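Working through the structure, step by step
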Amino acid sequence: MDIEETMMGKGREAIDLIVDPGSFDENNVGAKSFGDPEFGPGAVVGTAKLDGTDCTIIASDATVMNEKFPVVYAGIIGLEEGYKMAQAVYASLAADADKPVAEKRPLVLIVDTPGNGPGKVEEIFGMNNATAAYQLALAEARLAGHPIVAMVIGRAISGAFLCHGLQADAILSLDANFGTMIHVMPLTSVSRIIRKDLETLEELSKGNPVFAAGPRFFHSLGGVEALVETVEGMRPAIIKCIGDVQAAKTDGKQDSLGPWGRGALGAERGGRVERPRVMQLMNEEFEAVAQNYAPAR
């Protein structure tokens, strides 16, 4: 596989490549202004034009670190970053609260993060609350009708990807030859947790998308809607994807998008062949005993 020039660590550069030239207005989303440069410096938020339409941009900046939290650097999403990103989403919701679904502004998430900031200080202050707030904000925006598209340009790892990406309606990714990485955790961590030797997991990862890392394996699981083959292709791919998401939402086909849609897509691609069967068995077992817990009135 030929390796192209990576976009890893180039979140800000990616913004300029995706949005209409000169249109990115950083730190302003709807009526909300992020005036404190020391609050969540690793989070880049703002409003831009994309194909002439207002959209909210949310990205991480791998070139800065948060002086208050030493483990927040190189694109890590820390406690402040999580809250800042959540605030940008809620500002988008407020700005378009009275607009019909077809006019809700898109949210574009530019994903390049190696994880959350799991330092002792963050855990004490509630790192989990910050990432949960961001996830909830995106879920609310998605269900309110905002098209949300995540574009993976580098690393999409662990809990940071869970909040900054996996709540999107659709996920796009630069192909593997750009060095993009998508996985829950490294195999060394998986080995410790499930108590399987690393050699066995490495062998499994060669052909099993559940254990493997990378956008192509995640594509087979339905996690990635489409692989983008060139950097220049990111902008048109995002514009097309937003249009497809808007059309689905306007037609009332919410379940074809987001986490549910990715599950169905994975089954179609052969990457999640057991998921539908397990869900059917669970539904059958629940229906058999449901009246014992929720009697019909």
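Look up a bit, the structure's there.
Now for a quick tour of the structure. In this text, all values refer to a predicted model and were calculated from it rather than measured experimentally.

Focus: the pattern of salt bridges
Enumeration according to the criterion identifies twelve salt bridges in this entry. Residue Lys-68 is joined to Glu-80 by a salt bridge in which the shortest nitrogen-to-oxygen separation is 3.4 Å. Residue Lys-68 is found in the loop between β5 (53–60) and α2 (79–95), and its partner Glu-80 is found in helix α2; the two are separated by twelve residues along the sequence. Lys-68 sits in the partly exposed class, given a relative accessible area of 42%. Linking Asp-112 and Arg-155 is a salt bridge whose minimum nitrogen-to-oxygen distance equals 2.9 Å. On the criterion of sequence distance, the pair formed by Asp-112 in strand β6 (residues 107–113) and Arg-155 in strand β7 (residues 148–157) is long-range, its members being 43 residues apart. In terms of burial, Asp-112 and Arg-155 fall into one category: buried. The network of salt bridges with common partners includes Arg-12, Glu-26 and Asp-61.

Looking at empty space enclosed by the protein
Overall, the coordinates contain one cavity of 30 Å³ or more when judged by the stated rule. One number sums up the size of the largest cavity: a volume of about 30 Å³. The wall of the largest cavity is formed by Pro-41, Gly-42, Asp-61, Val-64, Met-65, Asn-66, Val-72, Tyr-73, Ala-74, Gly-75, Ile-76 and Glu-81. Of the residues that constitute the lining of the largest cavity, the class distribution is seven nonpolar, three polar and two charged.

Here we look at the packing of aromatic side chains
Ring pairs (aromatic) are described by centroid distance and by the angle formed between their planes. A complete count under the given rule lists one aromatic pair for this structure. A cation sits over an aromatic face here: Lys-32 above Phe-34, 5.3 Å from the ring centre.

Here we look at the pairing of strand β8 (residues 170–174)
Among the five residues that make up β8, five are buried, leaving the element largely enclosed by the rest of the structure. Here β8 shows two buried faces, one formed by Ala-170, Leu-172 and Leu-174 and the other by Ile-171 and Ser-173. Relative to β8, β7 is paired through four bridges, and the arrangement is parallel. Bridge assignment links Val-149 to a residue of β8, and that residue is Ala-170. After leaving β7, the chain enters helix α5 (residues 158–163) and then returns to the sheet as β8, a path that is right-handed. Alignment of β8 against strand β10 (residues 226–228), held across three bridges, turns out to be parallel. When the bridges of β10 are listed, Leu-174 appears paired with Val-228.

A short note on the nonpolar core
Generally speaking, nonpolar side chains in soluble globular proteins are found buried as a group. Judged by nonpolar contacts, the single largest core of 32 residues is most densely connected at Ile-58, Val-89, Leu-109, Tyr-134 and Phe-161. Secondary-structure elements contributing two or more residues to this core are β4 (43–50), α2, β6, α4 (127–144), β7 and α5. Val-89 has contacts with Ile-58, Leu-107, Tyr-134, Ala-137, Leu-138 and Ala-141, leaving out every residue within four places of it along the chain. In terms of nonpolar packing, the next biggest core, distinct from the first, is built from 30 residues, Ala-14, Val-44, Ile-153 and Ala-170 among them.

Considerations on the layout of surface pockets
When its volume is computed, the second largest pocket comes out at roughly 300 Å³. Looking at the second largest pocket, it is lined by 17 residues, and the ones nearest its centre are Ala-170, Leu-172, Glu-225, Cys-241 and Asp-244. Broken down by secondary-structure element, the contributors of at least two residues to the lining of the second largest pocket are β8, β10, α9 (234–250) and α10 (258–268). Here the lining of the second largest pocket gets five residues from one element, more than from any other, and that element is α9.

Cut-offs applied
Residues numbered from 1 in each chain as written. Predicted model: local features only at pLDDT ≥ 70, side-chain atom pairs only at ≥ 80, totals over all residues. Heavy atoms only, no water. Salt bridge = Lys/Arg side-chain N within 4 Å of Asp/Glu carboxyl O. Helix = DSSP H or I, 4+ residues; strand = E, 2+ residues; numbered from the N terminus. Buried < 20%, exposed > 50% of the residue type's maximum accessible area, 1.4 Å probe, protein only. 1 Å grid on protein atoms, 1.4 Å probe; cavity = no way out; pocket = protein on both sides within 12 Å on 5 of 7 lines; lining within 4 Å. Points joined across faces, edges and corners; volume = space filled by probe spheres on them. Nonpolar A, V, L, I, M, F, W, Y, C, P; charged D, E, K, R; others polar. Phe/Tyr/Trp six-rings, centres within 6.5 Å; stacked < 30°, edge-to-face > 60°. Lys NZ or Arg CZ within 6 Å of the ring centre and 35° of its normal. Pairing = 2+ DSSP bridges. Right-handed = clockwise from strand over helix to strand, strands pointing away. Core = buried A, V, L, I, M, F, W, Y, C linked by side-chain atoms within 4.5 Å. Contact = heavy atoms within 4.5 Å.

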